[in-house]
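Below, each chain spelled out in residue letters.
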Amino acid sequence: MSESPPQRRPLRLRIFSQEGALAAFGLFSLGSGLWQGELMSAFWGVTVLTGLVILVAVRRRDWQKHWQDVEARRGGGQDAEKPDKF
């Protein structure tokens, strides 16, 4: 089966998405924390932005290919011999 590449969404849909909302909150919290000198607001801004970077990296990874590679390294998955139990 031939899979078509995922289609790019329009810019306005990417801005008003979960990632866009997280980025806006993280930037607002970081900016207001730095502006007002509140350490906790700046901390939460950095935390949210770091989590957003991790979220985007995880979503972009090709998980189907990853699990195929893991099964190939295991030795074929279900066809491999199971060790004897003692």
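Below is a short write-up of the structure.

Rules and cut-offs
- Residues numbered from 1 in each chain as written.
- Predicted model: local features only at pLDDT ≥ 70, side-chain atom pairs only at ≥ 80, totals over all residues.
- Heavy atoms only, no water.
- Helix = DSSP H or I, 4+ residues; strand = E, 2+ residues; numbered from the N terminus.
- Buried < 20%, exposed > 50% of the residue type's maximum accessible area, 1.4 Å probe, protein only.
- Contact = heavy atoms within 4.5 Å.
- Areas by Shrake-Rupley, 256 points an atom, 1.4 Å probe, with all protein chains shown as cover.
- Patch = residues over 30% accessible without salt bridge, like charges linked within 9 Å, V, L, I, M, F, W, Y side chains within 5 Å.
- Salt bridge = Lys/Arg side-chain N within 4 Å of Asp/Glu carboxyl O.
- Expected span 1.5 Å × (residues − 1).
- Phe/Tyr/Trp six-rings, centres within 6.5 Å; stacked < 30°, edge-to-face > 60°.
- Lys NZ or Arg CZ within 6 Å of the ring centre and 35° of its normal.
- Polar contact = N/O pair within 3.5 Å; in protein donor to acceptor, adjacent residues only side chain to side chain.

## A word on the overall build of the chain
Link 1 in the chain: Across its full length, the chain holds four helices and zero strands.
Link 2 in the chain: Traced from its N-terminal end to its C-terminal end, the chain shows the element sequence α-α-α-α.
Link 3 in the chain: Expressed as a percentage of the 86 residues in the chain, the buried residues total 14%.
Link 4 in the chain: Counting contacts in the chain only where the partners sit at least 6 residues apart, residues at least 24 apart contribute 31% of the total.
Link 5 in the chain: Total accessible area on the chain is roughly 8,100 Å²; 62% of this is exposed by carbon and sulfur atoms.

## Examining a nonpolar patch on the surface
Link 1 in the chain: Where nonpolar side chains cluster on the molecular surface, the patch consists of Ile 54, Val 58, Trp 63 and Trp 67 and spans about 410 Å² of accessible area.
Link 2 in the chain: If you list the elements that add at least two residues to the nonpolar patch, you get α3 (39-60) and α4 (63-74).
Link 3 in the chain: In this fold, Ile 54 is placed in helix α3.

## A look at α4
Link 1 in the chain: Compared with an ideal rise of 1.5 Å per residue, which puts 12 residues at 16 Å, α4 spans 16 Å between its outermost C-alpha atoms and is within 8% of the ideal.
Link 2 in the chain: Just beyond α4, the residue with positive phi is Gly 75, at close to 110°.

## A word on the packing of aromatic side chains
Link 1 in the chain: Scanning all chains against the criterion turns up two aromatic pairs.
Link 2 in the chain: Aromatic side chains Phe 43 and Trp 44 sit 5.0 Å apart centroid to centroid with 65° between the ring planes, which places their arrangement in the edge-to-face category.
Link 3 in the chain: Taking the ring centre of Trp 63 as reference, the NZ or CZ of Arg 61 above it sits at 5.0 Å.

## Remarks on the side chain of Glu 19
Link 1 in the chain: As for its position among the elements, Glu 19 is in helix α2 (residues 18-36).
Link 2 in the chain: When its relative accessible area of 17% is taken as the criterion, Glu 19 is described as buried.
Link 3 in the chain: Within the structure, Glu 19 has its side chain in polar contact with the side chain of Arg 59 (distance 2.2 Å).
Link 4 in the chain: Setting aside residues no more than four positions away along its own chain, Glu 19 makes contact with Arg 9, Leu 52, Leu 55, Val 56 and Arg 59.

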